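If you want the building blocks of each chain, they are given just below.
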Number of protein chains: 2
Amino acid sequence: MEPVIELVSTGDEVLTGLITDTNAGWLSQLLLEQGWQVRRRFTVGDDKADLVELFEQRSHQADIVIVNGGLGPTSDDISAEAMADAAGVTLELNQHWLEVMQQKYASRNRDMPKSNSKQAMLPQGAELVDNPVGTACGFAVKLNRATFFFTPGVPSELKVMMNDEILPRLRQQLGDNGRSQVRRFFLFGLSESGLSDKLDALTWPAGIALGYRANLPTIEVKLIIDTANAEAIAQAEAQLLAQVGTHLIARDNMDFTASLGPMLVDKDLMIFEDASGGRLTDTISTITREFEGHYLAGLPDEAEELAHWLQKSARPLTLAIGAAGPKGVPVALKTQTGCYVQTLQMHFRDPLSQRRLLAFTALDMLRRHLMNETVMIDYDILPCSERLTLPA
Amino acid sequence: MEPVIELVSTGDEVLTGLITDTNAGWLSQLLLEQGWQVRRRFTVGDDKADLVELFEQRSHQADIVIVNGGLGPTSDDISAEAMADAAGVTLELNQHWLEVMQQKYASRNRDMPKSNSKQAMLPQGAELVDNPVGTACGFAVKLNRATFFFTPGVPSELKVMMNDEILPRLRQQLGDNGRSQVRRFFLFGLSESGLSDKLDALTWPAGIALGYRANLPTIEVKLIIDTANAEAIAQAEAQLLAQVGTHLIARDNMDFTASLGPMLVDKDLMIFEDASGGRLTDTISTITREFEGHYLAGLPDEAEELAHWLQKSARPLTLAIGAAGPKGVPVALKTQTGCYVQTLQMHFRDPLSQRRLLAFTALDMLRRHLMNETVMIDYDILPCSERLTLPA
């Protein structure tokens, strides 16, 4: 029986949209990776009556409620107070946490402000949940059917507390009830609909389902695994990999750019870009600092012309994104053995998506070269009007 | 009496965190700009029983419920069906919308797929809400206390429908009950706590409250106005402007970069950057294409050295961000009359925030120069270890 897991986001800033609630999405993903799917999410402001009403109501319908935010020292942080009211208990001082906070301040040679002592006031009977990186401790409260976990709104504190403290408790409490396993594959250049048509037409082993997510410029494909049959899992993965081929750029939590950095050492890479603004340089500088990048308005807008322009460069490795011309934007890679150019047609109206896609395509050509794969291939999402390979 | 307005986001992709729910934040902000504050938000998956239960429950507690998503042609789009169940009615064909859809397809010389006819099935008694840019029509249903508005999940369609169709209906239904007016001011270089200490110490007219939001590298200050007294409003605004001075970079929905573009025509701007990767070039290329940008590893990391390096540039207007050195990162502007350099200490651990802040500071120096303001000022958020002004 699948447990009912719910999330509650608190705070006026989240409710009014002044802050985008990235914590809720992160929590949902974290739980999904463990095999638990969140059933409902709620967002309420810093209003005690609304919080009390919600906690009371959810306590009858959920098994697990993770509450995020409202644990700070100021007067609008009222999560503990609201939970105490909902449970019909009072707040009481947790002497241990008070001392932990005092030590945190003392180690920085500062006195603890009086307002912080509020953060050690927990609902009677609550279990303290440690926060090694902040003054807002978490806590757990059982009310009716539900166990409530209270977590801090600061993303870095939330992450440590979830991973180190709350996930182990959830594993213990929920066991393997209703858990599924997820493997993720990140692809570049395929369209979501084209890919799903291909994959959905295949037969997949029992207990294995597919999931998709487009997050331009990449697509994520998931194998959602509800079986312990290792052979079936291996077969499904092999079948997927055979279909996606060299479009696969990363797996699970691996960042493919991390593996490119070491490959670019001493390569004397040079970048020229026009239509992409500074996006390619900005992207590559997060991978390595060992290159030069130039934004110039007025680069060639035609493939052959861009290739000739590049042939003049004495550098061993040069990437270039030309200007937008009638046939599209030429994107080129010159190595010591050849000069590869393809002209790509852009179908996105918003300029930021165009820049991202151009930069990612150039980066993919570089990645393919470094990994000894074919430098230019068909991208479903990016029609190519022209493709040239010339001597270096 | 303030109306109770609630939002419901639907869809497994949103619930599981695969998609970040930007629509909910956008809706909250849009309503806030009109003076209505959303009271609660709910997120549920593509599960009919969960949707029916939620609609039934909210119908007793809210005045307005805006439901987003689940209006598409596929089998997991079940918002209309769930609303019909909650209201105890059946779905019926809206002949008008069926014809509108058929015309939309005919104008593109295509036959309408059969699955689309589902999008014309509305709960009995529902009022059609036009969607001029898609095949998912919206609709409104009154149940118990609440009026439900159903909107498409595609952000561009949602935006048109809200602005053109639903806001006029809300204004008519809710009148001025509980509406407040909001004026927004965007600032650069001040810290949120320093600013709030200063502003909160002042006396503000009755019916006017302050709100803050840090969104690095800028801060937004809001005047939340619950009075019709024009004199009080003008006085509050003047008092705010006097405090923030030239830290003000934009107001309300104005994008300050839009006004810089025309000022940079024919200025022959040249950019060099090191510690900021390609971020400054990438940012400025969204404002104008008339400049050159260069990322070079190994620029000077010391203010005087960077100034001397820049003095060699023959260009009339040059911006440079040096390398990170022991005193910080030197950021320089050379104009035809002088060379201004300040070394800034970076206190952010994550590299992306550092780059953004460096690029924004350089851009602010350029903005100040173009607007004939003092080029270098104290930034609360960015301690300066050294400041030089040399001849050009």
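Under an unreviewed UniProt entry, chain A has the name CinA-like protein and belongs to Oceanisphaera profunda. In its Sequence similarities (unreviewed entry) section, the UniProt entry covering chain A states "Belongs to the CinA family."

Participant: I tried to follow the overall build of chain A on my own but got confused; where do I start?
Facilitator: Looking only at helices and strands, chain A features 12 helices and 18 strands. Dimensions of chain A, computed from C-alpha atoms along their principal axes, come out at roughly 80 × 55 × 35 Å. A total of 392 residues make up chain A; the buried ones form 56% of that total. When contacts within chain A are restricted to residue pairs at least 6 apart in sequence, long-range pairs at least 24 apart make up 66% of them.

Participant: Explanation requested: the pattern of salt bridges in the structure shown.
Facilitator: Pairing of side chains with opposite charge becomes possible as their charged atoms draw close. For the structure shown, the criterion picks out 50 salt bridges over all chains. Look at the salt bridges and you will find they share partners, linking Glu-6, Arg-39, Arg-40 and Arg-58 of chain A together with Asp-50 and Glu-53 of chain B into a network.

Participant: What's the story with the interface of chain B and chain A in this structure? I'm lost.
Facilitator: The figure often quoted for interface size is the accessible area lost as the parts come together. Counting residues at the interface gives 50 residues for chain B and 50 residues for chain A. It is Leu-18, Arg-41 and Tyr-295 of chain B that lose the most area in chain B upon contact with chain A, and together they represent 18% of the buried surface on that side. Taken together, chain B and chain A are joined by 12 salt bridges. A salt bridge links Asp-282 of chain A to Arg-355 of chain B; the shortest N-O distance between them is 3.4 Å. Where chain B packs against chain A, one counts 29 residue pairs in polar contact (both at pLDDT 80 or more). Elements represented by at least two residues in the side of chain B that touches chain A include exactly helix H1 (12-15), helix H2 (22-33), strand S2 (40-44), helix H3 (48-61), strand S10 (208-215), strand S11 (218-225), helix H10 (279-284) and strand S14 (291-296) of chain B. Element by element, the count of residues in the side of chain B that touches chain A is highest for S14 of chain B, at six residues.

Participant: I'm lost on the relation of the copies chain B and chain A in this one. Help?
Facilitator: Think of it as a corkscrew move, a rotation about one axis and a shift along it, taking one chain copy to the other. With an axial shift of 0.1 Å and an RMSD of 0.2 Å, the rotation relating chain B to chain A amounts to 180°. Between the two chains, the operation in question is that of a two-fold axis. Interface overlap between copies is the fraction of interface residues in one copy that are interface residues in the other; for chain B against chain A it reaches 100%, indicating a shared surface.

Participant: Before we go on, may I ask you to explain the sheet that holds strand S13 (residues 269-273) of chain A in this structure?
Facilitator: Two pairing modes exist for strands in a sheet, parallel and antiparallel, and in both the strands are linked by backbone hydrogen bonds. Taken in spatial order, the 12 strands of this open sheet run S18(A)-S17(A)-S16(A)-S15(A)-S13(A)-S14(A)-S14(B)-S13(B)-S15(B)-S16(B)-S17(B)-S18(B), and their pairing is mixed. Bordering the open sheet on either side are strand S18 (384-390) of chain A together with strand S18 (384-390) of chain B, each of which pairs with just one other strand. Geometrically, the sheet is characterised by an average inter-axis angle of 10° between neighbouring strands, direction not taken into account. Across five bridges, S13 of chain A lies against strand S15 (residues 317-321) of chain A in parallel orientation. Its bridge partner lying in S15 of chain A, Ile-271 of chain A is registered against Leu-319 of chain A. Contacts from helix H11 (residues 303-311) of chain A reach S13, S15, strand S16 (329-334), strand S17 (339-344) and S18 of chain A within the one sheet, and its direction differs from that of S16 of chain A by about 30°. Strands in contact with helix H12 (residues 351-370) of chain B are strand S13 (269-273), strand S15 (317-321), strand S16 (329-334) and strand S17 (339-344) of chain B; relative to S16 of chain B, the strand with the most contacts, it is inclined by about 25°.

Participant: Can you walk me through the pairing of S13 of chain A in this structure?
Facilitator: On any regular strand, side chains alternate: one points to one face of the sheet, the next to the other face. Residues and elements named next belong to chain A. The buried fraction of S13 is high, at five of five residues. Alternating positions in S13 separate into two faces, Leu-269, Ile-271 and Glu-273 on one and Met-270 and Phe-272 on the other, with burial throughout. As judged from the five bridges shared by S13 and strand S14 (residues 291-296), these two strands associate in the parallel manner. Pairing of Ile-271 across the sheet is with Gly-293, part of S14. After leaving S13, the chain enters helix H10 (residues 279-284) and then returns to the sheet as S14, a path that is right-handed.

Participant: Would you mind going over the UniProt feature "domain: MoaB/Mog" (unreviewed entry) in chain A with me for this structure?
Facilitator: Those residues carrying the UniProt feature "domain: MoaB/Mog" (unreviewed entry) are residues 6-173 of chain A in this numbering. With 41% helix and 21% strand, residues 6-173 of chain A has its two end C-alpha atoms placed 15 Å apart.

Participant: Teacher, can you tell me more about the packing of helix H9 (residues 256-263) of chain A against helix H12 (residues 351-370) of chain A here?
Facilitator: To characterise two packed helices, one gives the angle between the axes of the helices and the distance between these axes. Residue and element names in this part refer to chain A. In the contact formed by H9 and H12, the axes pass within 11 Å of each other and the chain directions differ by 55°. On the basis of the axis angle, H9 is oblique to H12. As for the relative orientation of H9 and H12, their crossing is left-handed in sense. Mapping the contact onto sequence places Phe-256, Leu-260 and Met-263 in H9 and Phe-360, Leu-363, Arg-367 and Leu-370 in H12. Its residues assigned to classes, the contact of H9 with H12 shows six nonpolar, no polar and one charged.

Participant: Is there a simple way to explain helix H8 (residues 230-244) of chain A in this structure?
Facilitator: Residues lying three or four places apart along an α-helix face the same way, a consequence of the helix completing one turn every 3.6 residues. Residues and elements named next belong to chain A. With 15 residues, H8 extends 21 Å from end C-alpha to end C-alpha; this agrees with the ideal 21 Å at 1.5 Å per step. Turning to H8, its buried residues are Ala-232, Ile-233, Ala-236, Glu-237, Leu-240 and Val-244. Taken around the axis of H8, the buried residues stretch over an arc of 130°, which confines them to a single face. Opposite the buried face of H8, by more than 90 degrees, sit the exposed residues Ala-230, Glu-231 and Ala-242. The backbone nitrogen of Glu-231 has a side-chain oxygen 3.1 Å away, supplied by the residue at the start of H8, namely Asn-229. Looking one or two residues beyond H8, the residue adopting positive phi is Gly-245, at roughly 50°.

Here is what the cut-offs are and how they apply
Residues numbered from 1 in each chain as written. Chains lettered and ligands numbered in written order. Predicted model: local features only at pLDDT ≥ 70, side-chain atom pairs only at ≥ 80, totals over all residues. Heavy atoms only, no water. UniProt positions renumbered as here; feature names shortened; annotations may be inferred. Helix = DSSP H or I, 4+ residues; strand = E, 2+ residues; numbered from the N terminus. Buried < 20%, exposed > 50% of the residue type's maximum accessible area, 1.4 Å probe, protein only. Contact = heavy atoms within 4.5 Å. Salt bridge = Lys/Arg side-chain N within 4 Å of Asp/Glu carboxyl O. Buried area = accessible area lost by both parts, 1.4 Å probe. Polar contact = N/O pair within 3.5 Å; in protein donor to acceptor, adjacent residues only side chain to side chain. Least-squares fit on C-alpha atoms with pLDDT ≥ 70 in both. Pairing = 2+ DSSP bridges. Axes fitted to C-alpha atoms, helices over the stretch in contact; angles between N-to-C directions. Right-handed = clockwise from strand over helix to strand, strands pointing away. Parallel < 35°, antiparallel > 145°, perpendicular 65-115°, else oblique. Left-handed = near helix turned anticlockwise from the far one by under 90°. Nonpolar A, V, L, I, M, F, W, Y, C, P; charged D, E, K, R; others polar. Expected span 1.5 Å × (residues − 1). Arc of directions from axis to C-beta.

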